[in-house]
Amino acid sequence: MKKNIIFDLGGVLVGLDPRRCIEAFRKVGCGVLASYVEEHRTEDLFLETELGRISEAEFCDEVRRLSHTETSDQDIVWAWNQLLTTIPVAKLRLLDRLRAEGHRLFLLSNTNVMHWTFCRDQLFTADGKTPGDYFEHIFLSYEMHLAKPDTAIFAEAMRKEGLKAEDTVFVDDREENCLAAQSLGIGTVLETTGEDWTGRMEILNN
């Protein structure tokens, strides 16, 4: 049985709506950011925030520079967070069940301080719970200064928690991230468009 389960955040637990995010950026006068969202770019500005190399304030300054606007920090952060939709209650209930069955749950996400703050304060709120009620440890790229698919982020998380690859499964929505985990001997579940990982956890019994 796979005792340890490492979950990704966006696309696995949290729903994503790129079109809504693009429209929000356009609404606040930052339509130039649409190309980043449409192409799911993980370089330049977005990567810098995911790696914790620039702060929220610096992110907003750069968005204003790119957009040639004086849009407020509040509006920029609001627009950026429109990428995130909800965490279905059924998924939170499944996390509860998996913990009750004796699995150790972890979160490993490429994210930035703005998205994480929104998720923590707005989305992980069912039954008055917090992310710490679901996961033993939360590994965030902007805090670790590492990002998937770099195998170093997996290796560091595994080392810190003393996890064995053969006892661990990783759930993610990007093939390159799953391949990186597999290269370390970690089992994977790939969440792809139109599928739901909650019904495909038979790998836990392998």
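Whatever comes next refers back to the structure up there.
Residues numbered from 1 in each chain as written. Predicted model: local features only at pLDDT ≥ 70, side-chain atom pairs only at ≥ 80, totals over all residues. Heavy atoms only, no water.

Applying the stated rule across the entire model yields 14 salt bridges. For Arg 104, the salt bridge identified is with Glu 161, shortest N-O distance 3.5 Å. Of this pair, Arg 104 sits in strand β2 (residues 104-109) while Glu 161 sits in helix α9 (residues 151-161); the two residues are 57 residues apart in sequence, bridging distant segments of the chain. Arg 104 sits in the partly exposed class, given a relative accessible area of 25%. Through salt bridges with shared partners, one network takes in Asp 8, Lys 148 and Asp 172. (Salt bridge = Lys/Arg side-chain N within 4 Å of Asp/Glu carboxyl O. Helix = DSSP H or I, 4+ residues; strand = E, 2+ residues; numbered from the N terminus. Buried < 20%, exposed > 50% of the residue type's maximum accessible area, 1.4 Å probe, protein only.)

We now examine the environment of His 115. For His 115, the position within the fold is in helix α7 (residues 113-123). C-alpha separation for the pair His 115 and Asn 81, spaced 34 residues apart in sequence, amounts to 6.0 Å. Excluding residues within four positions of it along the chain, His 115 makes contact with Trp 80, Asn 81, Leu 83 and Leu 84. In terms of polar contacts, His 115 uses its side chain to reach the backbone carbonyl oxygen of Trp 80, at 3.1 Å. (Contact = heavy atoms within 4.5 Å. Polar contact = N/O pair within 3.5 Å; in protein donor to acceptor, adjacent residues only side chain to side chain.)

Moving on: the packing of helix α4 (residues 56-67) against helix α5 (residues 73-81). Between α4 and α5, the shortest axis-to-axis distance is 10 Å and the interhelical angle comes to 90°. Classified by the angle their axes make, α4 and α5 are roughly perpendicular. Mapping the contact onto sequence places Glu 56, Ala 57, Phe 59, Cys 60, Val 63 and Arg 64 in α4 and Asp 73, Ile 76, Val 77 and Trp 80 in α5. (Axes fitted to C-alpha atoms, helices over the stretch in contact; angles between N-to-C directions. Parallel < 35°, antiparallel > 145°, perpendicular 65-115°, else oblique.)

Bringing the sheet that holds β2 into the picture now. The strand order across the open sheet formed by 5 strands is β3-β2-β1-β4-β5, and the pairing between neighbours is parallel. Two strands bound the open sheet, and with one partner strand each, they are β3 (137-140) and β5 (187-190). With direction set aside, neighbouring strand axes in the sheet form an average angle of 20°. Strand direction decides the pairing type here: strand β1 (residues 4-7) and strand β4 (residues 168-172), joined by 4 bridges, are parallel. When the sheet's bridge partners are listed, Phe 7 is paired in β4 with Val 171. Seen against the sheet, α9 touches β1, β2, β3 and β4 and runs at an angle of roughly 155° to β3. (Pairing = 2+ DSSP bridges.)

Across the 6 residues of β2, 5 count as buried, placing the element largely inside the fold. Each parallel crossover has a hand, and the one from β2 via α7 to β3 is right-handed. (Right-handed = clockwise from strand over helix to strand, strands pointing away.)

A full pass over the atoms with the stated rule returns 9 aromatic pairs. Measuring from ring centre to ring centre gives 4.5 Å for Phe 46 and Trp 80, while their planes differ by 20°; the resulting arrangement is stacked. Placement of Phe 46 in helix α3 (residues 44-50) and of Trp 80 in helix α5 is noted, with a sequence separation of 34 residues between them. The two residues Phe 46 and Trp 80 agree in class, both being buried. Ring centres of Phe 59 and Trp 80 lie 6.1 Å apart, and the angle between their planes is 20°; on these two criteria the pair is classed as stacked. Note that Phe 59 is positioned in helix α4 and Trp 80 in helix α5, a separation of 21 residues in sequence. An identical accessibility class is assigned to Phe 59 and Trp 80; each is buried. Members of the aromatic cluster, connected to one another through ring pairs, are Phe 7, Trp 116, Phe 124, Tyr 134 and Phe 135. (Phe/Tyr/Trp six-rings, centres within 6.5 Å; stacked < 30°, edge-to-face > 60°.)

Counting residues in each nonpolar core, the largest one holds 26 residues, and the members touching the most others are Phe 7, Leu 13, Phe 124 and Phe 135. Elements supplying a minimum of two residues to this core: β1, α6 (89-100), β2, α7 and β4. Ranked by the residues each element gives to this core, the list is headed by α6, at 4 residues. Those residues in contact with Phe 124 that sit more than four places away from it in its chain are Leu 9, Leu 13, Ile 87, Leu 92, Trp 116, Cys 119, Lys 129, Thr 130, Pro 131, Tyr 134 and Phe 135. Formed by 21 residues, the second largest nonpolar core is a distinct cluster that contains Ala 34, Tyr 36, Phe 46 and Met 114. (Core = buried A, V, L, I, M, F, W, Y, C linked by side-chain atoms within 4.5 Å.)

What follows is about the state of the cysteines. Scanning all chains against the criterion turns up 0 disulfides. Cys 30 forms no disulfide, and the closest cysteine sulfur to it belongs to Cys 60, at a distance of 9.0 Å. A relative accessible area of 0% places Cys 30 in the buried class. Left without a disulfide partner, Cys 178 is nearest to the cysteine sulfur of Cys 119, which lies 19 Å away. (Disulfide = S-S within 2.5 Å.)

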